[in-house]
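Take a look at the letters that make up each chain.
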Amino acid sequence: MQYNAYAAYEAKANLKPFNYTPGELGENEIEVKISHCGICHSDIHLINNDWMVSQYPLVPGHEIVGNISAMGKNVKGFREGDRVGIGWQCGSCGECYLCTTEQENLCGKSVATCNGHHGGYADYVRSDANFVIHIPDALGSSEAAPLLCGGITVFAPLDRHGIKAGMKIGIFGIGGLGHMAVQFASKMGAETYALSSSPDKVKEAASLGAAGFINMRDKSEVFRHLGSFDYILSTISADYDWNTIISLLKHNATLCYVGAAPSPVAIHAFTFISKQINVTGSAIGSPSRIKKMLEFAAKHDVKAMVETVPMSDVNNALTRVAENKVRYRMVLAQ
Ligand code: NAP
Ligand code: ZN
């Protein structure tokens, strides 16, 4: 059987049709017939080789929802036809300290769904069963797909860092990740601000649960909130003057990076020293936390705002994401 996909054949190229024969299904693997796949900005970084790790031909796509079409003989807990999702990670060693303490996302032998392995801009995809997650019935497929990478990437640090009522939280960058982060943080009870360079997003940010909006291009707005935030989650995909973000934080507050800005973060050490700022990062999330995130999303009605287009429109869809025109996640449908 052949899988029909879209691939970048070289860095920065438009995607073109690409067929491949996947070989025999592994004993612990699941094959999924894809119905929906979100476009994460990481797909664009990979297509462009921004991180210098891309392997071509590259079939992007790691926010996948579909139905199980085949299973290896050792797979337990699933049935053919089950509606499931797959995110950024589709394998790990399963044996190391990290894999055995529900931190598989940090395993040194992690397998990425769409680099060195063909991803979800396709009709079928495969994954180790440990990284295949049932989708709760309350979540529609196109709205759930972006939760599999964007959703877990923002939920995991907010959950791990104990975001709760009484805290003032900033979500920097209201794109695919950011618009889900606003929903999660506000549903966790925090006073959540959208920190954005796009003032036209103000109404939607409020509808997502934001208590306030700071136009980061307006110095007087930034000035009004100096030293007032307990925690800022940065989701932006571009470089920025990080001193401005740190100036918004209180003493002993935390800045957490999930957005992968291309250049090194250059900040004078004294900036952290003087306010005892914690700076940290967070990488996707483990399968157990993905399950927790999906349950939280189903219970609290957190869902991605999506524009759904046929998969054959993939190149136009990628351009709209790259130009920051999507409100807020582009999803490809088969
Ligand atoms: P996205 O949908 O394109 O959103 C990025 C947002 O960043 C934009 O909507 C925009 O928000 C802001 N932005 C873009 N250019 C900017 C600029 N020049 N200056 C200031 N703000 C700018 O991207 P995404 O899919 O959410 O992904 C965001 C980043 O997270 C990417 O770098 C991606 O690779 C990374 N990521 C990391 C992980 C992880 O495990 N850590 C997982 C998934 C994705 P405003 O319009 O509100 O300013
Ligand atoms: Zn992603």
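Residues numbered from 1 in each chain as written. Chains lettered and ligands numbered in written order. Predicted model: local features only at pLDDT ≥ 70, side-chain atom pairs only at ≥ 80, totals over all residues. Heavy atoms only, no water.

### Here's the deal with the overall build of the chain
- From N to C terminus, the chain includes 10 helices and 17 strands.
- Here the C-alpha radius of gyration of the chain, 20 Å, is about what a compact globule of 334 residues would show, namely 20 Å.
- A total of 334 residues make up the chain; the buried ones form 54% of that total.
- Considering only contacts in the chain between residues 6 or more positions apart, those separated by 24 or more positions represent 67%. (Helix = DSSP H or I, 4+ residues; strand = E, 2+ residues; numbered from the N terminus. Rg over C-alpha atoms; globule rule 2.2 N^0.38 Å. Buried < 20%, exposed > 50% of the residue type's maximum accessible area, 1.4 Å probe, protein only. Contact = heavy atoms within 4.5 Å.)

### Thoughts on the nonpolar core
- Residues Ile30, Ile39, Phe78, Tyr121, Leu318 and Leu332 are the most contacted members of the largest nonpolar core, which totals 44 residues.
- Aside from chain neighbours lying at most four places away, what touches Leu332 is Ser35, His36, Cys37, Ile39, Tyr121, Val309, Pro310, Met311, Val314 and Ala317.
- By size, the runner-up hydrophobic cluster in this structure holds 43 residues, among which are Ile152, Ala190, Phe213 and Ala297. (Core = buried A, V, L, I, M, F, W, Y, C linked by side-chain atoms within 4.5 Å.)

### Remarks on the site of ligand 1
- Near ligand 1 you find 28 residues, and of these His41, Ser196, Ser198, Lys201 and Arg329 are the closest.
- Within the backbone of Ser282, a nitrogen or oxygen atom sits 2.9 Å from a nitrogen atom of ligand 1.
- Measuring from an oxygen atom of ligand 1, one finds a side-chain N or O atom of Arg329 at 2.6 Å.
- If ligand 1 stood free it would expose 920 Å²; the protein chains cover 87% of that surface.
- The set of elements that each furnish at least two residues to the shell around ligand 1 consists of helix H1 (41-47) and helix H4 (176-187). (Near = heavy atom within 4 Å. Polar contact = N/O pair within 3.5 Å; in protein donor to acceptor, adjacent residues only side chain to side chain. Areas by Shrake-Rupley, 256 points an atom, 1.4 Å probe, with all protein chains shown as cover.)

### Notes on the pattern of salt bridges
- With the rule as written, the count across this model stands at 9 salt bridges.
- Ionic pairing is found between Lys292 and Asp159, a salt bridge with its closest N-O pair at 2.9 Å. Placement of the pair is Lys292 in helix H9 (residues 287-300) and Asp159 in helix H3 (residues 150-160), with a sequence separation of 133 residues.
- The salt bridge partner of Asp230 is Lys250, with a shortest N-O separation of 3.0 Å. Taken together, the residues span a long stretch of sequence, with Asp230 in strand S13 (residues 229-234) and Lys250 in strand S14 (residues 249-257) at a distance of 20 residues.
- Classification of Lys250 by relative accessible area gives partly exposed; the value is 33%.
- If you follow the salt bridges from partner to partner, you end up with Asp159, Arg289 and Lys292 in one network. (Salt bridge = Lys/Arg side-chain N within 4 Å of Asp/Glu carboxyl O.)

### Overview of the pairing of strand S12 (residues 212-215)
- Here S12 shows a buried face lined by Gly212 and Ile214 and a second buried face lined by Phe213 and Asn215.
- For the crossover from strand S11 (residues 191-196) across helix H5 (residues 202-207) to S12, the handedness is right-handed. (Right-handed = clockwise from strand over helix to strand, strands pointing away.)

### Notes on helix H10 (residues 314-322)
- The complete set of buried residues in H10 reads Val314, Ala317, Leu318 and Val321. The buried residues of H10 occupy an angular sector of 100 degrees when the element is viewed end-on, so they sit on one face.
- Remark: Asn324 follows H10 within two positions and exhibits a positive phi of approximately 60 degrees. (Arc of directions from axis to C-beta.)

### Some details on the pairing of S11
- The element S11 is largely enclosed, with a buried count of 5 among its 6 residues.
- Handedness of the crossover is the feature at issue here: the chain leaves strand S10 (residues 168-172), passes through H4, returns alongside S11, and the resulting connection is right-handed.
- Pairing of S11 with S12 involves 4 bridges; the strand directions are parallel. Its bridge partner being in S12, Ala194 is matched across the sheet by Phe213. (Pairing = 2+ DSSP bridges.)

### Let's talk about the environment of Ile133
- Locating Ile133 in the fold gives a position in strand S9 (residues 133-134).
- Spatially, the C-alpha atom of Ile133 lies 24 Å from that of Gln2, the residues being 131 residues apart in sequence.
- Not counting the four nearest positions on each side in its chain, Ile133 is found in contact with Arg83, Val84, Gly85, Pro287, Ile290, Lys291 and Leu294.

### Remarks on the packing of aromatic side chains
- One pass over the structure, following the stated rule, counts 13 aromatic pairs.
- Between Phe172 and Tyr240 the ring centres are 4.7 Å apart and the planes differ by 65 degrees, which places this aromatic pair in the edge-to-face class. With a gap of 68 residues between them, Phe172 in strand S10 and Tyr240 in the loop between S13 and helix H7 (242-247) connect regions that are remote in the sequence.
- Look at Phe172 and you get buried, because its relative accessible area is 1%.
- The exposure class of Tyr240 is partly exposed, given its relative accessible area of 25%. (Phe/Tyr/Trp six-rings, centres within 6.5 Å; stacked < 30°, edge-to-face > 60°.)

### Details of the sheet that holds S13
- The 6 strands are arranged S12-S11-S10-S13-S14-S15 in an open sheet whose pairing can be described as parallel. Where the open sheet ends on each side, the last strands, each with one partner, are S12 and strand S15 (278-281). Strand-to-strand twist of the sheet, defined as the mean angle between neighbouring strand axes without regard to direction, takes the value 20 degrees.
- Bridge analysis of S14 against S15 gives 4 bridges, and the strand direction is parallel. In the sheet register, Tyr257 faces S15, and the bridge partner there is Gly281.
- Helix-sheet contacts for H3 involve S13, S14 and S15, and the interaxial angle to S13 is about 155 degrees.
- Across the sheet, H4 lies against S10, S11 and S13, angled at about 170 degrees from S10, the strand it touches most. (Axes fitted to C-alpha atoms, helices over the stretch in contact; angles between N-to-C directions.)

Read these as spatial facts, not as claims about activity.
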